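Tertiary structure, described
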Amino acid sequence: MNHRLDDARRVVVKVGSALLADEEKGAIRSPWLDALAQDIAALRARGTEVVLVSSGAVAVGRGHLGLLRPQLRLEEKQAAAACGQIRLAHAYQEALARHDLSVAQVLLTLDDTEERRRYLNARSTIETLLRLGAIPVINENDTVATNEIRYGDNDRLAARVAAMIGADTLVLLSTIDGLYTADPRLDPDAKLVEEVHAVTPEILAMAGKAPPGYSSGGMVTKLEAARAAMGAGCRMVIADGREAHALGAVGADGRGTWFIPAETPRAQRKHWIAASLKPMGVLTVDAGALAALGAGKSLLPAGVARVEGSFDRGDAVRVVGPDGSEIARGLVAYTASDARRIAGHKSREIEEILGYRGRDEMIHRDDLVVLGQDNGEQDRTRNGATGTP
Ligand code: GLU
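Rules used in this analysis
- Residues numbered from 1 in each chain as written.
- Predicted model: local features only at pLDDT ≥ 70, side-chain atom pairs only at ≥ 80, totals over all residues.
- Heavy atoms only, no water.
- Helix = DSSP H or I, 4+ residues; strand = E, 2+ residues; numbered from the N terminus.
- Buried < 20%, exposed > 50% of the residue type's maximum accessible area, 1.4 Å probe, protein only.
- Contact = heavy atoms within 4.5 Å.
- Areas by Shrake-Rupley, 256 points an atom, 1.4 Å probe, with all protein chains shown as cover.
- Lys, Arg positive; Asp, Glu negative; His and termini not counted.
- Charge placed at Lys NZ, Arg CZ, Asp CG, Glu CD.
- Axes fitted to C-alpha atoms, helices over the stretch in contact; angles between N-to-C directions.
- Parallel < 35°, antiparallel > 145°, perpendicular 65-115°, else oblique.
- Nonpolar A, V, L, I, M, F, W, Y, C, P; charged D, E, K, R; others polar.
- Near = heavy atom within 4 Å.
- Salt bridge = Lys/Arg side-chain N within 4 Å of Asp/Glu carboxyl O.
- Pairing = 2+ DSSP bridges.
- Core = buried A, V, L, I, M, F, W, Y, C linked by side-chain atoms within 4.5 Å.

For the rest of this paragraph, the subject is the overall build of the protein chain. Counting secondary structure elements, the protein chain contains 13 helices and 15 strands. Expressed along its principal axes, the backbone C-alpha trace of the protein chain runs to roughly 70 × 45 × 35 Å. Here the protein chain holds 389 residues, and 53% of them are scored as buried. Considering only residue pairs separated by 6 or more positions, the protein chain has 74% of its internal contacts joining residues 24 or more positions apart. Working note: accessible area of the protein chain is about 17500 Å², and carbon and sulfur atoms make up 51% of it. Averaging the locations of the 48 positively and 52 negatively charged side chains of the protein chain gives two centres separated by 2 Å.

Below, the discussion takes up the packing of helix H3 (residues 57-65) against helix H4 (residues 74-97). Remark: H3 packs on H4, axes separated minimally by 6 Å, with the N-to-C direction vectors making an angle of 100°. Regarding the angle of H3 to H4, the classification is roughly perpendicular. In contact with Ala 57, Val 58, Val 60, Gly 61, Arg 62, His 64 and Leu 65 of H3, H4 contributes Lys 77, Ala 79, Ala 80, Ala 81, Cys 83, Gly 84, Gln 85, Arg 87 and Leu 88. By residue class, the composition of the contact of H3 with H4 is 9 nonpolar, 4 polar and 3 charged.

Our next topic: the site of the ligand. The immediate surroundings of the ligand are formed by 12 residues, with Ser 55, Val 58, Asn 139, Asp 142 and Gly 152 found nearest. Protein chains bury 98% of the 300 Å² of accessible surface belonging to the ligand in isolation. At the level of secondary structure, the elements contributing two or more residues to the shell around the ligand comprise H3 and helix H6 (153-164). Residues that form the shell around the ligand fall into these classes: 3 nonpolar, 6 polar and 3 charged.

Quick look at the pattern of salt bridges now. This structure, assessed with the given rule, holds 21 salt bridges. Put simply, Glu 326 and Arg 329 hold a salt bridge, and the shortest N to O gap is 2.7 Å. Glu 326 gets classed as partly exposed once you look at its relative accessible area, which sits at 24%. Here Asp 338 makes a salt bridge to Arg 341, at a shortest N to O gap of 3.7 Å. Residue Asp 338 and its partner Arg 341 are located together in helix H12 (residues 336-342), separated by 3 residues, close to a single helical turn.

The next point concerns the sheet that holds strand S7 (residues 169-174). Across the sheet, which stays open at both edges, the 8 strands sit in the order S5-S6-S4-S1-S7-S9-S10-S8 with mixed pairing between neighbours. The two strands at the open ends of the sheet, each matched to only one other strand, are strand S5 (103-108) and strand S8 (195-196). Summarising the sheet, strand S4 (residues 49-54) and strand S6 (residues 135-140) pair through 2 bridges and their orientation is parallel. Its bridge partner lying in S6, Val 53 is registered against Ile 138. Packing of H4 onto the sheet brings it into contact with strand S1 (10-15), S4, S5 and S6, and relative to S5 it is tilted by some 150°. Against the sheet, helix H8 (residues 218-231) engages S7, S8, strand S9 (235-240) and strand S10 (257-259), with an angle of about 155° to S9.

Below, the discussion takes up the nonpolar core. Leu 36, Leu 52, Tyr 92 and Leu 173 are the most contacted members of the largest nonpolar core, which has 44 residues in total. Look past the residues within four positions of Tyr 92 in its chain and what remains in contact with it is Val 15, Leu 20, Leu 33, Leu 36, Leu 52, Ser 54, Val 103 and Val 137.

Before going further, it helps to spend a moment on unusual backbone geometry. Despite not being glycine, Asp 100 shows a phi value in the positive range, around 60°. A relative accessible area of 71% places Asp 100 in the exposed class. Unlike most non-glycine residues, His 245 shows phi in positive territory, near 60°. Looking at the element boundaries, His 245 is found in the loop between S9 and helix H9 (246-253).

With that settled, the discussion passes to the side chain of Ser 55. By the secondary structure assignment, Ser 55 is in the loop between S4 and H3. In this view, Ser 55 contacts Lys 14, Val 15, Gly 16, Ser 17, Leu 20, Leu 88, Asn 139 and Asn 154; residues no more than four positions away in its chain are not counted.

Nothing here speaks to function; it is geometry throughout.
Structure (structure tokens):
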């Protein structure tokens, strides 16, 4: 089966250090980066949203600060990252500006994607950047990360980001062209695995069996990333990034190992909302909103007649009709107290009432599951997905 990028709507591209940085010289490989920028511009021209997760800060900073000993202490690595990150950001900005693309730097720690409020804030910042047409360039915030900076963490970070923003495709560009049935340098019969539908113990064993060098955490963390991405309904590809225009090549011939989830991010998210969350409150809607929800629209504050319960932004709530029967479940965009204040009001009044401009919707349709409707869309194409407006 031939997978490509041209049907992707929102792509996260993870760039490995070794592709971008010449560690010895502490330099960024500009021709490679320029080719990547061209490929990104081509994706964008087709309407695909692109988020970059880029490693390379430590590698660039090391050479620059003359920290070339093989073993660095944690604080030296953090210093190298601080120095390298600003150079990376600058290089991305220059390369993408040639294609009239704006760049925005987002530094995250894995904790940010676990703690709820920080998660929601990071998510809406990235969503906003995409809406404004910018390319978010994300890296781990290495200077404050408390654990050892580990190569491979960005594979996991990229998978978390992809899940967080509902990306449909995650591309890991690295120095390996995919998962092999065995170490290809030792076993002439080793074959590239083209497609994986579940990260089973057999698949994990393929990464684990190979000696260090080939596996060295590299493939194992990539498989962990694949598991996380697939769990969120996001497909992932491990592809060889060494040649210039590697991203374009993934788009053109799809070579690499593809990890294909059973569901799209949207369908996955909707099942998750419908099944696995404990509703924290109840919104009673009027007849007009009831009809709008049936037609697949978002729930606006104007259609909410009553708010019960105590919930935070992003919590699950039940939506009931005027007769009290449950019609939907969703993730609410306001806290219970703010929801009470804007209930029954037009969206344009929100700012005046609350003193800040939140979302126009009380529950956006992407966060809403209308019971008894087929909310699971299997179509992953741009035209098929409704997407975030
Ligand atoms: N955050 C590290 C850096 O930018 C790299 C971590 C990784 O490659 O996984 O240097």
